[in-house]
Amino acid sequence: QNNRAPLLRLEKGNLLFHSLKQLGYQIVTLSSGFHTTDQTNVDRKIQPGVVNSLLHQVLMNFHVPLLRPYFSEMLYTIQRERIIRTLQLLSKPLRANPQPLFVFAHLVSPHPPFIFNRDGTPRQNSKDFSFADGDEYGIRSDYAAGYVEQLQFLNREILNVIDAILKDSGEP
């Protein structure tokens, strides 16, 4: 079923965030650029990218054929920068006071768009920028190759983030 409305209602009425707030936690989110996972009922929202989610959606849906390749390459760059910046922010202390902290960061990876090679360099893409996934993506072997490359990069980076959090925190 393609109706995501029930899922979005659950996400926006987030029981976990509500429960944590009752326990005295400060809720911090790092925007993913993917509007369906951007949380609103939080104490602090950080935009790690250079472009906010709304402008990102406008650029994705811009359908002037002559300009589409330019916007597509710009979107690949924006997405790479957003993920790298999110990883950098997660590696630094985000706590502004002694209140317990819960940080929510949704990385729109390793699924498409495939933007990183295994070593973190930008992946060359011949397709227009898209979040198309599964059967909508296209050739299965291209999907598998892109997914594995990006996953290898992200796994290494997430381990670095965890190491930084544990190193800089008396309590993880």
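On a predicted model such as this, the values are computed, not experimentally measured, just so you know. (Residues numbered from 1 in each chain as written. Predicted model: local features only at pLDDT ≥ 70, side-chain atom pairs only at ≥ 80, totals over all residues. Heavy atoms only, no water.)

Novice: Summarise the overall build of the protein chain; cite the residues concerned and give the values.
Specialist: On a plain count of helices and strands, the protein chain comes out with 5 helices and 3 strands. Ordered by position from N to C terminus, the α and β elements of the protein chain give α-α-β-β-α-α-β-α. Looking at the protein chain as a whole, 37% of its 172 residues qualify as buried. Long-range contacts, defined as pairs at least 24 residues apart, comprise 63% of the intrachain contacts of the protein chain with a sequence gap of at least 6. For the protein chain, the accessible surface area stands at approximately 10,500 Å², while carbon and sulfur atoms represent 58% of it. (Helix = DSSP H or I, 4+ residues; strand = E, 2+ residues; numbered from the N terminus. Buried < 20%, exposed > 50% of the residue type's maximum accessible area, 1.4 Å probe, protein only. Contact = heavy atoms within 4.5 Å. Areas by Shrake-Rupley, 256 points an atom, 1.4 Å probe, with all protein chains shown as cover.)

Novice: Give a detailed account of the packing of aromatic side chains, specifying residues and quantitative values.
Specialist: By the definition in use, this model includes 8 aromatic pairs. Ring-pair connections join several aromatic residues into one group, and the members of that group are Phe-114, Tyr-137, Tyr-143 and Tyr-147. Geometry around Tyr-137 places Lys-127 over its ring, the cationic atom sitting 3.8 Å from the centre. (Phe/Tyr/Trp six-rings, centres within 6.5 Å; stacked < 30°, edge-to-face > 60°. Lys NZ or Arg CZ within 6 Å of the ring centre and 35° of its normal.)

Novice: Mind laying out the sheet that holds strand S3 (residues 101–105), listing which residues take part and the relevant values?
Specialist: Strand order in the open sheet formed by 3 strands is S2-S1-S3, and the pairing between neighbours is parallel. Each of the sheet's edge strands pairs with one partner strand only, and the pair in question is strand S2 (44–46) and S3. Looking at each pair of strands side by side, their axes are set apart by 20° on average, direction ignored. Pairing geometry for strand S1 (residues 26–30) and S3, over 5 bridges, is parallel. Opposite Thr-29, over in S3, you have Phe-104 as the bridge partner. (Pairing = 2+ DSSP bridges. Axes fitted to C-alpha atoms, helices over the stretch in contact; angles between N-to-C directions.)

Novice: Any details on unusual backbone geometry? Residues and values, ideally.
Specialist: For the bond running from Ser-109 to Pro-110, omega is 20°, close enough to zero to count as cis. Residue Pro-112 is joined to Pro-113 through a cis peptide bond whose omega torsion reads 5°. Topologically, Pro-113 is positioned in the loop between S3 and helix H5 (140–168).

Novice: If you had to explain the confidence of the model for the protein chain to someone new, which residues and values would you point to?
Specialist: Mean pLDDT over the protein chain stands at 82; residues scoring 70 or higher make up 78%. Of all helices and strands in the protein chain, the one with the weakest mean pLDDT is helix H3 (residues 53–60) (57), whereas H5 scores best (93). (pLDDT = per-residue confidence, 0-100.)

Novice: Which residues make up the environment of Ser-32, and what values go with them?
Specialist: Its location among the elements puts Ser-32 in the loop between S1 and S2. When the C-alpha positions of Ser-32 and Leu-107 are compared, they lie 5.9 Å apart, and in sequence the two are 75 residues distant. Setting aside chain neighbours within four positions, we find Ser-32 in contact with Thr-37, Asp-38, Gln-79, Arg-82, His-106 and Val-108.

Novice: So what's going on with the pattern of salt bridges? Residues and values would help.
Specialist: A full pass over the atoms with the stated rule returns 4 salt bridges. The salt bridge partner of Arg-80 is Glu-73, with a shortest N-O separation of 3.7 Å. (Salt bridge = Lys/Arg side-chain N within 4 Å of Asp/Glu carboxyl O.)

Novice: Break down the environment of Glu-149 for me, with residues and values.
Specialist: Structurally, the position occupied by Glu-149 is in helix H5. Judged by its relative accessible area of 16%, Glu-149 falls in the buried class. Considered as a pair, Glu-149 and Pro-110 are 39 residues apart in the sequence and their alpha carbons are 8.7 Å apart. Discounting residues that sit within four places of it in the chain, Glu-149 has contacts with Phe-116, Asn-117, Arg-118 and Arg-123.

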